[in-house]
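Coordinate inspection notes
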Amino acid sequence: MAKPKVAFYWCASCGGCEETVVDLNEDLLKVADAVDIVLYPVALDFKRKDIESLGDGEIAVSFINGAVRTEEQEEMVKLLRAKSGLVVAFGSCAHIGGIPGLGNFWTRDTIFQRVYKEVPSVENPGGTTPQEKVAVDIGELTLPEFWDTVKTLDQVIPVDYYLPGCPPPPDLVMNAINAILTGNLPEKGAVLAPDKALCDTCPRNETKPEKISIKEIKRPYEIKIDPEKCFLEQGLICHGPFTRSGCGETCIKANMPCRGCFGPVDGVVDQGAKGLSAIVSILGLEGEERMTEEDVQKLIDGIVDPAGTFYRFSLPASLLRRRRME
Ligand code: SF4
Ligand code: SF4
């Protein structure tokens, strides 16, 4: 019997999600044995025409990582959608926009200005920026259009399942592959990770007091972090209360607060707004002591880059989606 065809593809991403497939270690051999990989740009030399030559729905599942921000990425994900029975948004960037989604605080022009003209390591006396069409001796060269706005995968094509994380951990990837191979899948639209907040599974939860009172927000490099104590209790912003569990508490075990890469639990529409309200509700002084305006300002000043902090992974999926520019 023919093996099910599987595709892996990357859009606007760092490549870490493709690496996590390699991190399956010996399980990768089982996957390679059970399926027929038809696209995997980081490792195998398949071409777009190989996918175009397949029938509609012929690929059992496409795992697509990365946000969508160029014309070429839009074409490829639409092509893979047509050729695939199932599409899984693989990793934070495809799921909720991820780090590339922070580009939605800017526009294409401001990004090009910064990246190609202003950064200290760039020497560009002609002020050249990428052009969609350039005439050269041998003809015309083209580049795909770079959009102003970064989109999540489901803002471009219908998505069947979501595998969260930056990158998704190998055990969740393997569970998802097994579920797909055995047809043992949850309802369409599900996030293939536990529907619990990270705090519920965190080994430091026991040290998290019922009521936390933060007098001063600190950044990890400013203090010697206690490796046992809840980060919030230490004045560090931890996204655990408003982030989905399932990562194996990776950052917490490395003595770093959670930054929110797994996205929100079910039912939360806007992870950043949820986080802002969770953190603001615990800012304050203990007991009856009232805060002065100066205290409040000091606390607010302690949150460096609030928009980037609370929407670090989820801006394109949020209610805001992007900053409004003139
Ligand atoms: S806030 Fe962070 S450190 Fe504290 S219990 Fe939640 S996940 Fe753990
Ligand atoms: S601790 Fe938070 S940021 Fe780190 S891997 Fe887990 S969900 Fe992602």
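1. What to know about the site of ligand 2
- Taken together, the residues surrounding ligand 2 are L198, T243, C247, T250, C251, C258, R259, G260, C261 and F262.
- The residue makeup of the shell around ligand 2, split by class, is six nonpolar, three polar and one charged.

2. Details of the environment of T309
- Note on placement: T309 falls in helix α12 (residues 306-310).
- The exposure class of T309 is buried, given its relative accessible area of 11%.
- Separated by 164 residues in the primary sequence, T309 and E145 have C-alpha atoms spaced 29 Å apart.
- The residues contacting T309, other than those within four sequence positions of it, are I237, H239, I303 and V304.
- A distance of 3.1 Å separates a polar atom in the side chain of T309 from the backbone oxygen of V304.

3. Overview of the domain arrangement of the protein
- Segmenting the protein into domains produces domain 1 (5-99 + 148-182), domain 2 (114-147) and domain 3 (198-310).
- Just the C-alpha atoms count here: the centres of domain 1 and domain 2 sit 29 Å apart.
- Taken together, the contact between domain 1 and domain 2 spans nine residues of the former and four residues of the latter.
- Across the interface of domain 1 and domain 2, roughly 680 Å² is buried in total on both sides, 63% from carbon and sulfur atoms.
- Counting the surface domain 1 buries against domain 2, the share from its top three residues, R69, T70 and E71, is 59%.
- Linking domain 1 with domain 2 are zero salt bridges.
- If you look at where domain 1 meets domain 2, you find three residue pairs in polar contact (both at pLDDT 80 or more).

4. Structural notes on the nonpolar core
- I51, F63, I64, L80, L153 and L163 are the most contacted members of the largest nonpolar core, which totals 53 residues.
- Here this core gets six residues from one element, more than from any other, and that element is helix α7 (residues 170-182).
- Apart from the residues within four sequence positions on either side, L80 is in contact with A7, Y9, L39, I51, I59, S62 and I64.
- In terms of nonpolar packing, the next biggest core, distinct from the first, is built from 24 residues, C230, L232, C238 and L283 among them.

5. Examining unusual backbone geometry
- The linkage connecting C166 with the following residue, P167, adopts the cis geometry, with an omega of -5 degrees.
- One non-glycine residue, E249, lies in the positive phi region at around 50 degrees.
- With respect to the helices, strands and loops of the structure, E249 is situated in the loop between α8 (198-201) and α9 (250-253).
- Here the phi dihedral of D305 falls at roughly 55 degrees; this positive angle occurs in a residue that is not glycine.
- When you line up the elements, D305 lands in the loop between α11 (293-302) and α12.
- By relative accessible area, which is 47% here, D305 ends up partly exposed.

6. Side note on the side chain of R69
- In this fold, R69 is placed in strand β4 (residues 68-70).
- Here R69 occupies a buried position and makes no salt bridge, while the nearest side chain of opposite charge, D148, is found at 6.3 Å.
- In contact with R69, other than residues within four places in its own chain, are A12, P100, G103, I111, E145, F146, W147, D148, T149 and V150.

Cut-off values and rules
- Residues numbered from 1 in each chain as written.
- Chains lettered and ligands numbered in written order.
- Predicted model: local features only at pLDDT ≥ 70, side-chain atom pairs only at ≥ 80, totals over all residues.
- Heavy atoms only, no water.
- Near = heavy atom within 4 Å.
- Nonpolar A, V, L, I, M, F, W, Y, C, P; charged D, E, K, R; others polar.
- Helix = DSSP H or I, 4+ residues; strand = E, 2+ residues; numbered from the N terminus.
- Buried < 20%, exposed > 50% of the residue type's maximum accessible area, 1.4 Å probe, protein only.
- Contact = heavy atoms within 4.5 Å.
- Polar contact = N/O pair within 3.5 Å; in protein donor to acceptor, adjacent residues only side chain to side chain.
- Domains from an automatic or database assignment.
- Buried area = accessible area lost by both parts, 1.4 Å probe.
- Salt bridge = Lys/Arg side-chain N within 4 Å of Asp/Glu carboxyl O.
- Core = buried A, V, L, I, M, F, W, Y, C linked by side-chain atoms within 4.5 Å.
- Lys, Arg positive; Asp, Glu negative; His and termini not counted.

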